[in-house]
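If you want the building blocks of each chain, they are given just below.
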Amino acid sequence: MPRYFFDVMDSTRSVPDEAGLECRDLGEAHLQACALIADAMTGPERLAVDWREWRVEVRDEAHSLLFSVPFPPRLD
């Protein structure tokens, strides 16, 4: 199975994914990116972060950008 990398970033900060995750295909990689976003937005930092600028960039094994998933606006 191919390995995908899920880098979390906004306009000034980046949290690169050094390990990656094996996924069957791009559809599963997209689901993993959405799950990562949901986890971040329900974690302990959920109210301290303005998520409007954040996104998950999904990259392939060569670290080429495949697609980006934006974080939805925070719902308080």
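Each chain has its residues counted from 1, following the order in which its sequence is written. Whole-chain, interface and lining totals are the exception, using all residues; otherwise, since this is a predicted model, local features are given only for residues with pLDDT of at least 70 and side-chain atom pairs are given and counted only at 80 or more. Excluded from the side-chain calculations are hydrogens and water; all other atoms, namely the structure's heavy atoms, are used.

Looking at the pattern of salt bridges
Put simply, the rule is: Within this document, salt bridges are pairs made up of a side-chain nitrogen of Lys or Arg and a carboxyl oxygen of Asp or Glu, the two lying within 4 Å of each other. Put simply, DSSP marks the helices as runs of H or I at least four residues long and the strands as runs of E at least two long, and each gets a number from the N terminus on.
Across all of its chains, the model carries 6 salt bridges by this definition. We note a salt bridge from Arg59 to Asp7, for which the minimum N-O separation is 3.1 Å. One end of the pair, Arg59, is in strand S4 (residues 55-59); the other, Asp7, is in strand S1 (residues 3-9), and 52 residues separate them in sequence. Shared partners join several salt bridges into a network, and the residues in it are Asp7, Arg55, Glu57 and Arg59.

Examining the nonpolar core
Spelled out, the test is: To form a nonpolar core, buried Ala, Val, Leu, Ile, Met, Phe, Trp, Tyr and Cys residues must be joined to one another through side-chain atoms within 4.5 Å. Three exposure classes are used, based on accessible area relative to the maximum for each residue type with a 1.4 Å probe and protein chains only: buried under 20%, partly exposed in between, and exposed over 50%. Every residue pair with non-hydrogen atoms within 4.5 Å of one another is taken to be in contact.
Ranked by size, the top nonpolar core spans 16 residues in total, and within it Phe6, Ala29, Val56, Val58 and Phe71 carry the most contacts. Contributing elements (two or more residues each) for this core: S1, helix H1 (26-42), S4 and strand S5 (65-70). Counting residues per element, this core draws most heavily on H1, which supplies 4 residues. Apart from the residues within four sequence positions on either side, Ala29 is in contact with Tyr4, Phe6, Cys23, Val58 and Phe67.

Focus on H1
For clarity, the threshold we go by: Working rule for helices: expected span equals 1.5 Å times residues minus one. Each polar contact in these results corresponds to two N or O atoms within 3.5 Å; when the atoms are within protein, one needs to be able to donate a hydrogen and the other to accept it, and residues that are neighboring in sequence are counted only if both atoms are side-chain atoms.
With 17 residues, H1 extends 24 Å from end C-alpha to end C-alpha; this agrees with the ideal 24 Å at 1.5 Å per step. Among the residues of H1, Glu28, Ala29, Ala33, Ile37 and Met41 are the ones counted as buried. Packing partners of the buried residues in H1 comprise S1, strand S3 (21-22), S4 and S5. Of the residues that open H1, the one with a side-chain oxygen 3.1 Å from the backbone nitrogen of Gly27 is Asp25.

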